[in-house]
Amino acid sequence: QYQVLLRMPDASGKMRPAADVIPVAERTGVIVDIDRWVVGESLELIRQRDAEGRSLRLFVTQSTITLSDPGHAGWLRGMLARHKVQ
């Protein structure tokens with residue numbers, strides 16, 4: 001079991017922690033896109049590990065903005081089905 005922690009490089013290549021990225025993403029309206037990207041990457045990794053016979057459980061934090069998005073639950077259901085993750 002692992003927790004997924006967002007890290008993003010800035011213009012100079014320095015890796016920025018989620019604490020720096022999330023507030024800016026929320027203010028600029030891109031947090032839903034970032035959260036969905038993180039979920040998609042995590043589900044792909046879970047699918048790959050499962051195909052290798054290695055179980056993996058990831059905990060992915062989502063912004064309250066993302067969680068309250070009207071289309072998020074349907075999007076997440078679709079992603080889980082597409083990656084065959086239960």
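Heads up: the structure comes first, above all this text.
Okay, so let's go over this structure. (Residues numbered from 1 in each chain as written. Predicted model: local features only at pLDDT ≥ 70, side-chain atom pairs only at ≥ 80, totals over all residues. Heavy atoms only, no water.)

1. What about the pattern of salt bridges?
Part 1 of the argument: Within this structure, the stated rule accounts for five salt bridges.
Part 2 of the argument: For R16, the salt bridge identified is with D10, shortest N-O distance 3.3 Å.
Part 3 of the argument: Classification of R16 as partly exposed rests on a relative accessible area of 30%.
Part 4 of the argument: Between R54 and E52 there is a salt bridge, with its nearest N and O atoms 3.4 Å apart.
Part 5 of the argument: Three or more residues are tied together by salt bridges with common partners; here these are D10, R16 and D20. (Salt bridge = Lys/Arg side-chain N within 4 Å of Asp/Glu carboxyl O. Buried < 20%, exposed > 50% of the residue type's maximum accessible area, 1.4 Å probe, protein only.)

2. Describing the environment of P23
Part 1 of the argument: Within the secondary structure layout, P23 lies in helix α1 (residues 18-28).
Part 2 of the argument: Classification of P23 by relative accessible area gives partly exposed; the value is 32%.
Part 3 of the argument: In this structure the C-alpha to C-alpha distance between P23 and R57, which are 34 residues apart in sequence, comes to 27 Å. (Helix = DSSP H or I, 4+ residues; strand = E, 2+ residues; numbered from the N terminus.)

3. Digging into the environment of W75
Part 1 of the argument: Residue position: W75 is located in helix α4 (residues 72-82).
Part 2 of the argument: Separated by 69 residues in sequence, W75 and L6 have C-alpha atoms that sit 20 Å apart.
Part 3 of the argument: In this view, W75 contacts R36, V39 and G40; residues no more than four positions away in its chain are not counted. (Contact = heavy atoms within 4.5 Å.)

4. Some remarks on the side chain of S63
Part 1 of the argument: Residue position: S63 is located in the loop between β4 (58-60) and α3 (64-67).
Part 2 of the argument: A residue is classified by how much of its surface remains accessible, and S63, at 8% relative accessible area, is buried.
Part 3 of the argument: Among residues more than four places away in sequence, those in contact with S63 are E26, I31 and D35.

5. Some words on the environment of Q3
Part 1 of the argument: Here Q3 lies in strand β1 (residues 2-4).
Part 2 of the argument: When the C-alpha atoms of Q3 and F59 are compared, they prove to be 4.6 Å apart, with 56 residues separating the residues in sequence.
Part 3 of the argument: The residues touching Q3, leaving out its near neighbours within four places in the chain, are F59 and T61.

6. Quick notes on the side chain of D35
Part 1 of the argument: Its location among the elements puts D35 in helix α2 (residues 31-51).
Part 2 of the argument: In this structure, D35 is buried with no salt-bridge partner, the nearest side chain bearing the opposite charge being R36 at 8.1 Å. (Lys, Arg positive; Asp, Glu negative; His and termini not counted.)

7. A few points about α2
Every α-helix winds through 3.6 residues per turn, so residues three or four apart in the chain are directed the same way.
Part 1 of the argument: The end-to-end C-alpha separation of α2 is 30 Å, in line with the 30 Å expected for 21 residues at 1.5 Å each.
Part 2 of the argument: Of the residues making up α2, those classed as buried are I31, V32, I34, D35, V38, V39, G40, S42, L43 and I46.
Part 3 of the argument: Considering only its buried residues, α2 is in contact with β1, β2 (7-9), α1, β4, α3 and α4. (Expected span 1.5 Å × (residues − 1).)

In short, geometric facts, not functional conclusions.
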